[in-house]
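Here is how the chains run, residue by residue.
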Amino acid sequence: MLFRERIFGEDDVAAYGAVETLRAAEAEAAAGGSVGLATRARLKTLYIAYVTGTEALETSPEETVRESIAAFEGLSDHAGLAEAWRFIGNLRIADGRWGAASGAAERGIENARR
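Residues numbered from 1 in each chain as written. Predicted model: local features only at pLDDT ≥ 70, side-chain atom pairs only at ≥ 80, totals over all residues. Heavy atoms only, no water.

(A) Structural detail: the side chain of Asp77. Tracing the backbone shows Asp77 in the loop between helix H4 (61-75) and helix H5 (78-95). There is a polar contact of 3.3 Å between the side chain of Asp77 and the backbone nitrogen of Ala79. Each residue touching Asp77, except ones within four places of it in the same chain, is listed here: Arg40 and Phe72. (Helix = DSSP H or I, 4+ residues; strand = E, 2+ residues; numbered from the N terminus. Polar contact = N/O pair within 3.5 Å; in protein donor to acceptor, adjacent residues only side chain to side chain. Contact = heavy atoms within 4.5 Å.)

(B) Representation of the environment of Ile93 in the model. Relative to the helices and strands, Ile93 resides in helix H5. Those residues within four positions of Ile93 in sequence are excluded, and the remaining contacts are Trp98 and Ala101.

(C) Spatial organisation of the pattern of salt bridges. Summed over all chains, the structure comprises 8 salt bridges. Among the salt bridges present, the one from Glu62 reaches Arg92, with a minimum N-O distance of 2.8 Å. Taken as a pair, Glu62 in helix H4 and Arg92 in helix H5 lie far apart in primary sequence, 30 residues in all. Across the salt bridge formed by Arg114 and Glu110, the nearest N and O atoms sit 3.1 Å from each other. The class of Glu110 is partly exposed, set by a relative accessible area of 43%. In the salt-bridge network here, residues are joined through shared partners; they are Arg40, Lys44, Asp77 and Glu83. (Salt bridge = Lys/Arg side-chain N within 4 Å of Asp/Glu carboxyl O. Buried < 20%, exposed > 50% of the residue type's maximum accessible area, 1.4 Å probe, protein only.)

Fair warning: the whole summary comes from geometry, so function is off the table for now.
Encoded structure:
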């Protein structure tokens with residue numbers, strides 16, 4: 001958390017602005033029936049909140065990321081899968097689980113290449 005506090009302050013306008021924009025994009029995509037875009041916007045919003053600490057997270061980030069992975073798999077959205085696995089890798093790094101982080105990175109790279 002110390003790293004996050006030094007890089008991003010609680011009042012970081014850019015982070016808040018990005019979150020607001022992504023939430024609007026998520027709502028618009030969902031209203032238009034674009035599950036993939038809505039899921040990507042939700043995942044990016046969560047990532048910003050996780051990295052910056054600008055918002056309290058109501059649930060485990062992993063739960064939401066895993067739900068995103070399931071959605072991306074159903075859509076065969078490999079770019080979305082690559083992003084989601086990168087996020088899982090970051091969570092494993094934060095936990096100090098280097099082997100699991102490496103596995104997540106490999107899955108992300110595999111999807112990014114498709």
